[in-house]
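Per-entry structural report
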Amino acid sequence: PHGMSRVLGTEKRGMDIPRVEPKLETKVKGIFMAGELGGMGLIRKAATQGTQAINTIKKHRGSSSNILDVVIVGAGPAGLASTLGAIENKLRYVTLEQESSLGGAIFQYPRNKIAMTAPVKLPIIGQVKMGEISKEALLEFWNKVVNKTGMKIHFHERMENISKSSDSFVVKTSKQSYNTRTVLLAIRLRGKRRNLGVPV
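Predicted model, so just to flag it, every value in this text is computed and none were measured.

Take the overall build of the chain next. When its secondary structure is counted, the chain shows 3 helices and 13 strands. Across the 200 residues that make up the chain, the buried fraction comes to 51%. When contacts within the chain are restricted to residue pairs at least 6 apart in sequence, long-range pairs at least 24 apart make up 64% of them. By element, 51% of the accessible surface of the chain is carried by carbon and sulfur atoms, the whole surface being about 10,000 Å².

Taken together, Lys58, Lys59, Arg61 and Lys90 make up a surface patch of like positive charges. Assignment of secondary structure puts Lys90 in the loop between α2 (77-88) and β5 (93-97). What makes Lys90 exposed here is its relative accessible area of 70%.

On to the nonpolar core, then. Counting 35 residues, the largest nonpolar core has Ile54, Val70, Leu80, Leu122, Trp142, Met151 and Leu184 as the members making the most contacts within it. Secondary-structure elements contributing two or more residues to this core are α1 (43-57), β4 (68-73), α2, β7 (120-122) and α3 (135-149). Here the element with the most residues in this core is α1; it accounts for 6 residues. Leaving out residues up to four positions away in the same chain, Met151 has contacts with Leu80, Thr83, Leu84, Ile87, Tyr93, Val145 and Val146. Of all hydrophobic cores here, the second largest spans 16 residues; its members include Val73, Ile162, Tyr178 and Val183.

Counted by the stated rule, this structure contains 1 aromatic pair. Between Phe141 and Trp142 the ring centres are 5.2 Å apart and the planes differ by 65°, which places this aromatic pair in the edge-to-face class. Residue Phe141 is classed as buried on the basis of its relative accessible area, which comes to 18%. One Lys or Arg, Lys164, reaches over the ring of Phe169 and ends 4.7 Å from the middle of that ring.

Right, let's get into the environment of Trp142. Residue position: Trp142 is located in helix α3. Residue Trp142 is classed as buried on the basis of its relative accessible area of 3%. Separated by 62 residues in the primary sequence, Trp142 and Leu80 have C-alpha atoms spaced 8.0 Å apart. In this view, Trp142 contacts Pro77, Leu80, Leu102 and Leu122; residues no more than four positions away in its chain are not counted.

Moving on, we get to the pattern of salt bridges. Within this structure, the stated rule accounts for 4 salt bridges. The salt bridge involving Glu160 is made with Lys172; its shortest N-O contact spans 3.1 Å. In this pair, Glu160 sits in strand β11 (residues 159-165) while Lys172 sits in strand β12 (residues 168-173), placing the two residues 12 residues apart along the sequence.

Here we come to the pairing of β4. For β4, the tally of buried residues reaches 6 of 6 residues, placing the bulk of the element in the interior. With 4 bridges joining them, β4 and β5 adopt parallel strand pairing. Note on β5: the bridge partner recorded for Ile72 is Thr95. Following the backbone out of β4, through α2 and into the adjacent parallel β5, one traces a crossover that is right-handed.

To continue, consider unusual backbone geometry. With a phi close to 55°, His156 is a non-glycine residue in the positive phi region. Structurally, His156 is set in the loop between β10 (153-155) and β11. We note that Ser166 has phi near 50°; this positive angle belongs to a residue other than glycine. Turning to its location among the elements, Ser166 is positioned in the loop between β11 and β12. Classification of Ser166 as exposed rests on a relative accessible area of 66%.

Parameters at a glance
Residues numbered from 1 in each chain as written. Predicted model: local features only at pLDDT ≥ 70, side-chain atom pairs only at ≥ 80, totals over all residues. Heavy atoms only, no water. Helix = DSSP H or I, 4+ residues; strand = E, 2+ residues; numbered from the N terminus. Buried < 20%, exposed > 50% of the residue type's maximum accessible area, 1.4 Å probe, protein only. Contact = heavy atoms within 4.5 Å. Areas by Shrake-Rupley, 256 points an atom, 1.4 Å probe, with all protein chains shown as cover. Patch = residues over 30% accessible without salt bridge, like charges linked within 9 Å, V, L, I, M, F, W, Y side chains within 5 Å. Salt bridge = Lys/Arg side-chain N within 4 Å of Asp/Glu carboxyl O. Lys, Arg positive; Asp, Glu negative; His and termini not counted. Charge placed at Lys NZ, Arg CZ, Asp CG, Glu CD. Core = buried A, V, L, I, M, F, W, Y, C linked by side-chain atoms within 4.5 Å. Phe/Tyr/Trp six-rings, centres within 6.5 Å; stacked < 30°, edge-to-face > 60°. Lys NZ or Arg CZ within 6 Å of the ring centre and 35° of its normal. Pairing = 2+ DSSP bridges. Right-handed = clockwise from strand over helix to strand, strands pointing away.

The structure is reproduced here in structure tokens:
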């Protein structure tokens, strides 16, 4: 609607969302989006987008051991599916989540809220059928996936800035900085306008 815009971050600190290309890559080459940020709030579609983004990101894989292949921001369905894809493709990754636990938008649901989710194919896990499922059962499912796969998630770590560094990016967080070839933003929409500041 007129006068409204999508942003990242909190009300005090947000970021403009770049336009997304069909391969889920933004106008800033090397920065990808999936899930609610890419316009897909549904769990199945968010997870599918996360997997699709990794299928493109794996082509950026490099040999340098001190540069990550991808930094995944957000541990909701899109971020978790992306992380599974990164593990499956043996990518060097870091997954960041500013909250204290999994779930993305699901984390904010009221107790026992029913989430409608269609069957989804996840990397490593395979086809998953859920149907109507409570918030608690959905979070339990994702926690089992994390434990089964050995997925590593950096909780309580918020992305603060992305800057370009020759052929890679530096992702600065509330705790440290990561040098990475690509960034996948799998986070929710909220807050007010602040530019990412990454040259196109």
